[in-house]
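This is what each chain is made of:
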Protein chains: 2
Amino acid sequence: MTVANHQLIIVGGGPAGLTAGIYAARAMLDVVLLEKGAAGGQVMNTDWVDNYPGFPEGISGFDLAEKFTAQAQRFNLATKLCEVASMDLSGPIKKIVLADGETLTSLAVILTPGARPNELNIPGEKELKGKGVSYCATCDAPFYRGMEIAVAGGGNTAIQEAIHLTKFASKVSVIHRRDELRATKIIQEKAFANDKIEFVWNSIVTEVLGDKEVEGVRLKDTKTGAETTLALQGLFVLIGIRPNNEMLPLDQLDNDNGFIKTDKKMRTSQPGIMAAGDICSKEVRQIVNAAGEGAVACLAAEEYLGSLK
Amino acid sequence: MTVANHQLIIVGGGPAGLTAGIYAARAMLDVVLLEKGAAGGQVMNTDWVDNYPGFPEGISGFDLAEKFTAQAQRFNLATKLCEVASMDLSGPIKKIVLADGETLTSLAVILTPGARPNELNIPGEKELKGKGVSYCATCDAPFYRGMEIAVAGGGNTAIQEAIHLTKFASKVSVIHRRDELRATKIIQEKAFANDKIEFVWNSIVTEVLGDKEVEGVRLKDTKTGAETTLALQGLFVLIGIRPNNEMLPLDQLDNDNGFIKTDKKMRTSQPGIMAAGDICSKEVRQIVNAAGEGAVACLAAEEYLGSLK
């Protein structure tokens, strides 16, 4: 007989992990959720969530995270504040080694460590996040109605979102470090044909300007080195996203550039290991589908646990 | 150039359809949602929703449906009360024919018509529906406080709900046509350990007895053919679910016993046609994953619309 500390360990306390936790605790599984900071994930730092269904007027990210957490607590979800150092997910007993040296074991694991947007890492960016600096056009576009804004980036997402942003903003400057886009031709052509979009070629943003809100950006010409400023009210930084996978044994999990591959039941390539939320290899990264995946992952975990012995 | 009434039509106003609608309307798509009754889908008839993340104390199904609807209305989602008679989803212009003869056209369609519970189709069942015959333990369990009731079925839902019902009923007989359950082990073990639950193996319900209210059921032994009656005050029929696909052109859509097959982006086999929620071929049918799928389907629709011309 296999002996483990828990039936299920959930790694990460964002919307996917907390939803998996709500389902698992309510199903009376022996489960613990590991979280290194405050539960809630990226949502905690999201100023306003407009499109999570159930809140007609929207809700602050902080409040929404708190509601998820309170709901998990109502079902007595055990939560452990800790940092995960490494894992061995092969074999029937899954081992999770914490930074302090403790090892936790379980029969099943749901991986929900999330992801984070790439940042420009320039002065003013962190300070004005949520105050004009955004990393998600689907989330925040409607907040910029009638305003002049910019997009930093030149890939498919950046250009698609620039086009989307023109439905709201009066002008969208696309700031790109090269003199041509990486985006596919059809998307480029639509962007070039859109008279609200202006391209600022061979340029990088070196500083976000503004006191309490974004008022402009400082630009540097990558060829001449000349500096200019551009007055605007919003900057969308759309230069990719990277997975929070530092603690994951990627050699044990099929993945796509570090994002974990799953089937529709959120099962990874490793038996007993599910993944949900932004860590997954996918295109849509919204709170509501992270939560939905968390529920599906929990039911897959229950099914896996039910198949043991 | 293609001419259609709308960019997008959403068929069905449950959690999946309303979430797709929230996303589509917020993204300023030219979209209309078709709904034949009150928006909200099955949720409307659900007494208490305990596990939709964001409501720590739970919320009534009616209130949750109203919140989804209000949120869609805030983004000015156009909604049309109508019954869909048939569809032609092949070709670039999608045609939706209404029961009154009107034809609507669009470039993309999201199918969210939902599903409904299977019935036993035995004498007395329809007559006593709502008078002791129920298809939703979550909705009706509190009406059976202190009563003796039965559950027909042996799957996960049936056994989970049987356990739930013991919180109210004095005794729950689980009537199952075989001598073992299909439900997962952990759920079975809980049911076997629950002394309010009694199993009636190898039996089917052949008639619901009672004049104005359920007074009992007639049972037939599937092995011996022997008939018995069981006195009780409530019968929960929990024997699966079937898709609301009467208006769908199943010859144009890959499907699994009438449930629509999708990829992870919720795209069906037909270009420009997405599906989300209970109509999909899948195992987990919860509000939160229906909603998550609605969001993903909307973004797939946007991507499809962006690829046109």
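Residues numbered from 1 in each chain as written. Chains lettered and ligands numbered in written order. Predicted model: local features only at pLDDT ≥ 70, side-chain atom pairs only at ≥ 80, totals over all residues. Heavy atoms only, no water.

### Some remarks on the overall build of chain A
Counting its regular elements, chain A contains 6 helices and 21 strands. Scaling as 2.2 N^0.38, a compact globule of 309 residues should have a C-alpha radius of gyration of about 19 Å, and chain A matches this with 21 Å. By principal-axis analysis of the C-alpha atoms, chain A measures approximately 70 × 40 × 35 Å. The buried share of chain A, reckoned over its 309 residues, is 57%. Carbon and sulfur atoms provide 49% of the accessible area of chain A, an area that totals close to 13200 Å². (Helix = DSSP H or I, 4+ residues; strand = E, 2+ residues; numbered from the N terminus. Rg over C-alpha atoms; globule rule 2.2 N^0.38 Å. Buried < 20%, exposed > 50% of the residue type's maximum accessible area, 1.4 Å probe, protein only. Areas by Shrake-Rupley, 256 points an atom, 1.4 Å probe, with all protein chains shown as cover.)

### Section: the interface of chain B and chain A
Many analyses report the size of an interface as the accessible area lost when the parts associate. Facing 49 residues of chain B, the contacting portion of chain A comprises 54 residues. Together, the buried faces of chain B and chain A total about 4100 Å²; carbon and sulfur atoms form 55% of this surface. Where chain B touches chain A, the interface holds 8 salt bridges. Our count for the contact surface shared by chain B and chain A stands at 28 residue pairs in polar contact (both at pLDDT 80 or more). Elements with a contribution of two residues or more to the side of chain B that touches chain A: α1 (15-26), α2 (61-74), α5 (185-193) and α6 (287-307) of chain B. The leading source of residues in the side of chain B that touches chain A is α6 of chain B, at 12 residues. Within the side of chain B that touches chain A, the residues separate by chemical class into 22 nonpolar, 13 polar and 14 charged. (Contact = heavy atoms within 4.5 Å. Buried area = accessible area lost by both parts, 1.4 Å probe. Salt bridge = Lys/Arg side-chain N within 4 Å of Asp/Glu carboxyl O. Polar contact = N/O pair within 3.5 Å; in protein donor to acceptor, adjacent residues only side chain to side chain. Nonpolar A, V, L, I, M, F, W, Y, C, P; charged D, E, K, R; others polar.)

### Some thoughts on the packing of helix α6 (residues 287-307) of chain A against α6 of chain B
Look at α6 of chain A against α6 of chain B: their axes get within 7 Å of each other, and the N-to-C directions meet at 135°. Overall, the two elements α6 of chain A and α6 of chain B adopt an arrangement that is oblique. For the pair α6 of chain A and α6 of chain B, the crossing hand works out as left-handed. Each of V288, N289, A291, G292, A295 and V296 of chain A in α6 of chain A lies in contact with α6 of chain B, whose residues at this interface are V288, N289, A291, G292, A295 and V296 of chain B. The residue inventory of the contact of α6 of chain A with α6 of chain B, partitioned by class, reads 8 nonpolar, 4 polar and no charged. (Axes fitted to C-alpha atoms, helices over the stretch in contact; angles between N-to-C directions. Parallel < 35°, antiparallel > 145°, perpendicular 65-115°, else oblique. Left-handed = near helix turned anticlockwise from the far one by under 90°.)

### Focus: the pairing of strand β11 (residues 148-152) of chain B
Regular strands show a simple pattern: their side chains alternate between the two faces of the sheet. Residue and element names in this part refer to chain B. With respect to burial, β11 is a largely interior element, 4 of its 5 residues being buried. Here β11 pairs with strand β12 (residues 171-175) via 5 bridges, running parallel. Note on β12: the bridge partner recorded for I149 is V172. (Pairing = 2+ DSSP bridges.)

### What about the environment of D254 of chain B?
All names here are of chain B. Along the chain, D254 falls in the loop between β18 (241-243) and β19 (255-256). D254 sits 171 residues away from E83 along the chain, and the two C-alpha atoms are 23 Å apart. If near-sequence neighbours (up to four positions away) are discounted, D254 is found in contact with I260, K261 and S269.

### Notes on the side chain of K282 of chain B
Tracing the backbone through its elements, the reader meets K282 of chain B in the loop between β21 (273-275) and α6. Looking at K282 of chain B, its side chain comes within polar contact range of the main-chain oxygen of V284 of chain B, at 3.5 Å.

### A short note on the sheet that holds strand β14 (residues 203-209) of chain A
All names here are of chain A. With respect to topology, 3 strands assemble into an open sheet ordered β14-β15-β16, the strand pairing being antiparallel. Edge positions in the sheet fall to β14 and β16 (227-231), since each has one partner strand and no second. Averaged over all pairs of adjacent strands, the angle between their axes in this sheet comes to 30°, without regard to strand direction. Where β14 lies against strand β15 (residues 216-221), 6 bridges are found, and the strand directions are antiparallel. The residue of β15 that forms the bridge with L209 is G216.

### Quick notes on the packing of aromatic side chains
Enumeration over the complete set of coordinates arrives at 13 aromatic pairs over all chains. Ring geometry for Y144 of chain A versus F236 of chain A: centroids 5.2 Å apart, planes at 70°, classification edge-to-face. Note that Y144 of chain A is positioned in the loop between α3 (137-140) and β11 (148-152) and F236 of chain A in strand β17 (residues 234-237), a separation of 92 residues in sequence. Judged by relative accessible area, which is 9%, Y144 of chain A ranks as buried. We classify F236 of chain A as buried; its relative accessible area is 0%. Among the aromatic residues, ring-to-ring pairing joins Y52, F55 and F68 of chain A together with Y52, F55 and F68 of chain B into one connected group. Its guanidinium or amino end placed over the ring of F259 of chain A, R285 of chain A lies 4.5 Å from that ring's centre, counting from NZ or CZ. (Phe/Tyr/Trp six-rings, centres within 6.5 Å; stacked < 30°, edge-to-face > 60°. Lys NZ or Arg CZ within 6 Å of the ring centre and 35° of its normal.)

### Some points on the sheet that holds strand β16 (residues 227-231) of chain B
Residue and element names in this part refer to chain B. The strand order across the open sheet built from 3 strands is β14-β15-β16, with neighbouring strands paired in antiparallel fashion. Each having just a single partner strand, β14 (203-209) and β16 make up the two edges of the open sheet. Neighbour-to-neighbour, the strand axes of the sheet open up by a mean angle of 30°, direction not taken into account. Pairing analysis gives 5 bridges linking strand β15 (residues 216-221) to β16, with the strands arranged antiparallel.

### A few points about the pairing of strand β8 (residues 103-111) of chain A
All names here are of chain A. For β8, the buried fraction is high: 8 of the 9 residues fall into the buried class. Bridge analysis of strand β1 (residues 6-11) against β8 gives 5 bridges, and the strand direction is parallel. Its bridge partner being in β8, L8 is matched across the sheet by A108. In the sheet, strand β7 (residues 94-98) pairs with β8 via 4 bridges, with the strands oriented antiparallel. Across the sheet, the residue bridging to V97 is T103, located in β8. Relative to strand β21 (residues 273-275), β8 is paired through 3 bridges, and the arrangement is parallel. For V109, the partnering residue across the bridge sits in β21 and is I273.

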